Amino acid sequence: MLAPWYRAGECPGDGHARSRTFAVTNPATGETLAVLADASAGDAETAIARASRALPAWQRLSAKARASVLRRWFDLIVEHADDLATLMTLEQGKPLAEARGEVLYGASFVEWFAEEAKRLYGDVIPAHQANQRLVVLRQGVGVVAAITPWNFPNAMITRKVAPALAAGCTVVLKPSELTPLSAIALVNLAYRAGVPDEALQLVLSTRAAEIGQALCADPRVRKLTFTGSTPVGKTLMRQCADTVKKLGLELGGNAPFIVFDDADLDAAVQGLMRSKFRNAGQTCVCANRILVQERVYDAFLDRLAHAVSQLEVGNGLETGVTLGPLINESAVAKVERLVNEARSAGAQVLAGGQRHPAGPGFYAPTVLTGVDAGMSVCREEIFGPVVPVLAFRDEAEALAIANDTPFGLAAYFYSRDVGRIWRVAEGLEYGMVGINEGAISNEVAPFGGVKESGLGREGSKYGLEEFTELKYLCLGGL
Ligand code: ADP
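Residues numbered from 1 in each chain as written. Predicted model: local features only at pLDDT ≥ 70, side-chain atom pairs only at ≥ 80, totals over all residues.

**Student:** Give a detailed account of the environment of alanine 155, specifying residues and quantitative values.
**Tutor:** Among the secondary structure elements, alanine 155 is positioned in helix α5 (residues 155-166). Given 26 C-beta atoms within 10 Å, alanine 155 falls into the buried group. The spacing of alanine 155 and alanine 347 is 192 residues in sequence and 36 Å in space, taken between C-alpha atoms. Setting aside anything within four residues of it in sequence, one finds alanine 155 in contact with Glu102, Tyr105, Gly106 and Phe109. (Helix = DSSP H or I, 4+ residues; strand = E, 2+ residues; numbered from the N terminus. Buried ≥ 20, exposed ≤ 12 C-beta atoms within 10 Å, placed from the backbone. Contact = placed C-beta atoms within 7 Å.)

The following block contains the structure:
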């Protein structure tokens with residue numbers, strides 16, 4: 001069942017001592033998919049040493065040469081999209097069509113940064129003295145450590161590794177221990193495309209805290225890029241202080257999804273279904289709190305209940321399934337706790353409200369009504385297929401509720417009033433705003449958050465700059 005390039009002994013990471021191993025399991029069935037070597041902090045240090053050894057040669061290549069390698073990597077990912085998607089559904093659970101969508105979305109970053117690699121322009125500044133010339137270069141930051149999560153086992157890697165390699169950096173990658181097989185496959189394809197082995201180092205480990213400490217403490221690592229939970233992001237930020245590393249952090253969100261009474265309600269329900277139920281609600285940009293203006297509250301709920309009843313829950317490999325399992329049982333237990341707390345606090349269950357009989361990893365798609373903004377289901381990131389709906393009176397109240405959170409990643413709203421669109425878009429304290437749109441991420445636009453949702457942007461022209469430093473040259477005595 002496993003893709004042909006996964007063979008023991010050929011897997012990046014297998015160089016590590018096999019004294020400890022860990023199993024990779026299928027969240028839909030509980031079946032063991034693979035057993036891998038569990039790297040130690042010492043292995044991470046070896047990986048850093050290799051990546052720093054590879055740095056000068058990779059840096060010296062022309063931008064065009066690096067771009068060609070990345071372009072080949074893109075072609076190989078697309079060529080193997082079906083295998084990569086199957087591997088992802090097996091280890092992560094998302095429906096196969098969604099997994100394929102993620103593989104192509106992940107590949108789009110490789111293509112984009114292959115193109116952008118050639119456009120890393122500097123600047124010439126008109127000098128303030130006649131005998132000087134002032135020039136600004138953009139150079140790759142050096143060795144980059146990337147720590148990635150399990151919810152997008154492919155795209156969170158390509159969105160970091162492709163711009164790093166494009167900018168002339170080398171990379172030590174620690175993917176989630178829950179989804180290492182997609183990472184292995186991607187890295188092997190990168191090697192086939194011509195990325196030198198040492199320039200992209202894979203560290204597979206369940207000892208995330210120890211590996212994280214090793215990566216943060218090492219002065220040879222000049223940038224840490226992380227996607228994951230806010231508490232871990234804060235720990236990593238503290239740990240990077242001693243070596244003053246450049247940081248890219250994509251952390252948690254608590255996205256409001258606001259439906260104003262002038263909205264196209266069918267479009268709003270459609271957008272909400274895309275934003276909420278993709279990946280079984282396990283994305284950091286998933287709608288977390290649904291705010292509906294009083295006048296359209298009942299009409300919106302009718303349409304929503306119908307759309308939710310159409311979801312097909314099951315093993316993502318089966319045809320027709322649109323909602324897979326959560327990543328593991330502790331994820332199910334968290335969702336269960338949030339729903340139970342909301343019910344005890346007075347929320348009503350319009351749909352679902354319990355685990356799903358498909359298996360221990362599944363939770364039924366759920367709609368909660370009569371929700372209050374102070375409930376834990378509105379304050380915490382749910383990361384599951386639960387839609388808490390609350391009513392609001394006017395624009396000011398909607399904005400106040402939406403902004404009352406330490407997070408600031410994505411927000412969404414539906415309205416047809418052009419004045420309101422500008423006012424609300426400018427008033428939302430978020431890094432990204434979907435307006436009459438529930439799916440907003442792509443390779444050409446800057447992805448990232450404000451407040452405790454993170455630092456920096458990924459994708460787009462800005463995402464390449466994040467992996468560079470400016471160097472100012474002052475040529476005197478002319
Ligand atoms: P999620 O909720 O998405 O699992 P985490 O922040 O727990 O978010 O995990 C994201 C990534 O961070 C994973 O690769 C995980 O192994 C890693 N990780 C978890 N804890 C730590 C830590 N203390 N230091 C470094 N990395 C960590």
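**Student:** Explain the site of the ligand to me, and be specific about the residues and the numbers.
**Tutor:** By nearness alone, 16 residues border the ligand, and Pro149, Ala208, Gly212, Gly228 and Val232 come closest of all. For the shell around the ligand, the elements supplying multiple residues, two or more each, are α7 (208-217) and α8 (230-240). When its residues are assigned to classes, the shell around the ligand shows seven nonpolar, seven polar and two charged. (Near = placed C-beta within 6 Å. Nonpolar A, V, L, I, M, F, W, Y, C, P; charged D, E, K, R; others polar.)

**Student:** I'd like to hear about the domain arrangement of the chain, residue by residue, with values.
**Tutor:** Interface extent is often summarised as the accessible area lost during association of the parts. Per the domain assignment, the segments making up the chain are domain 1 (21-251 + 453-475) and domain 2 (255-435). The distance between the C-alpha centroids of domain 1 and domain 2 comes to 31 Å. Of the residues lining the interface, 16 residues belong to domain 1; the matching set on domain 2 comes to 20 residues. At the level of secondary structure, the elements contributing two or more residues to the side of domain 1 that touches domain 2 comprise α3 (81-92) and α4 (96-116). Tallying contributions element by element places α4 first for the side of domain 1 that touches domain 2, with three residues. Looking at side-chain class alone, the side of domain 1 that touches domain 2 contains seven nonpolar, six polar and three charged residues. (Domains from an automatic or database assignment.)

**Student:** Pulling in residues and values, what's your account of helix α9 (residues 265-277)?
**Tutor:** Its 13 residues give α9 an end-to-end C-alpha distance of 18 Å, which sits within 8% of 18 Å, the value for a rise of 1.5 Å per residue. Looking only at α9, the buried set comprises Ala268, Val269, Gly271, Leu272, Met273, Ser275, Lys276 and Phe277. Buried residues along α9 sit in contact with β10 (255-259), β11 (287-293), α10 (297-309), β14 (386-392) and β15 (410-414). Directly beyond the C-terminal end of α9, a positive phi value near 60° is found at asparagine 279. (Expected span 1.5 Å × (residues − 1).)

**Student:** A description of the nonpolar core should follow, citing residues and the corresponding values.
**Tutor:** Core analysis: the biggest nonpolar cluster contains 80 residues, and Leu70, Trp73, Val110, Phe113, Val171, Val172 and Leu173 have the highest contact counts within it. Take this core: its biggest share by element is nine residues, from α4. (Core = buried A, V, L, I, M, F, W, Y, C linked by C-beta atoms within 7 Å.)

**Student:** Give me the lowdown on the UniProt feature "active site" (unreviewed entry) in the chain, citing residues and values where you can.
**Tutor:** Under the feature "active site" (unreviewed entry), the UniProt entry names Glu250. Its location among the elements puts glutamate 250 in strand β9 (residues 246-250). With near-sequence residues (within four places) excluded, glutamate 250 lies in contact with Thr227, Cys284, Gly448, Gly454 and Glu458. (UniProt positions renumbered as here; feature names shortened; annotations may be inferred.)

**Student:** Which residues make up helix α6 (residues 180-193), and what values do they have?
**Tutor:** Between its first and last C-alpha atoms α6 spans 20 Å; for 14 residues at 1.5 Å apiece the expected length is 20 Å, and the two agree. A large share of α6 lies buried, amounting to eleven of its 14 residues. Along α6, the residues classified as buried are Pro180, Leu181, Ser182, Ala183, Ile184, Ala185, Leu186, Val187, Asn188, Leu189 and Ala190. Count one or two residues on from α6 and you reach glycine 194, which has phi positive near 115°.

**Student:** I'd like a rundown of the sheet that holds β9, residues and numbers included.
**Tutor:** What links the strands of a sheet is backbone hydrogen bonding, and the strands pair in either a parallel or an antiparallel sense. Sheet architecture is open: six strands sit in the order β7-β6-β5-β8-β9-β17, paired in mixed fashion. A strand with exactly one partner marks an edge of an open sheet, and here the two such strands are β7 (200-202) and β17 (454-455). Across five bridges, strand β8 (residues 221-227) lies against β9 in parallel orientation. Paired with threonine 227 across the two strands is glutamate 250, which belongs to β9. Each of β5 (143-147), β6 (170-174), β7 and β8 is contacted by α5, which is oriented at about 165° to β6, the strand it contacts most. (Pairing = 2+ DSSP bridges. Axes fitted to C-alpha atoms, helices over the stretch in contact; angles between N-to-C directions.)

**Student:** So what's going on with the sheet that holds strand β3 (residues 123-125)? Residues and values would help.
**Tutor:** As summarised here, the arrangement of the three strands in space is β3-β4-β18, forming an open sheet in which the pairing is antiparallel. Bordering the open sheet on either side are β3 and β18 (468-475), each of which pairs with just one other strand. Strand-to-strand, the axes of this sheet are offset by a mean angle of 25°, without reference to chain direction.

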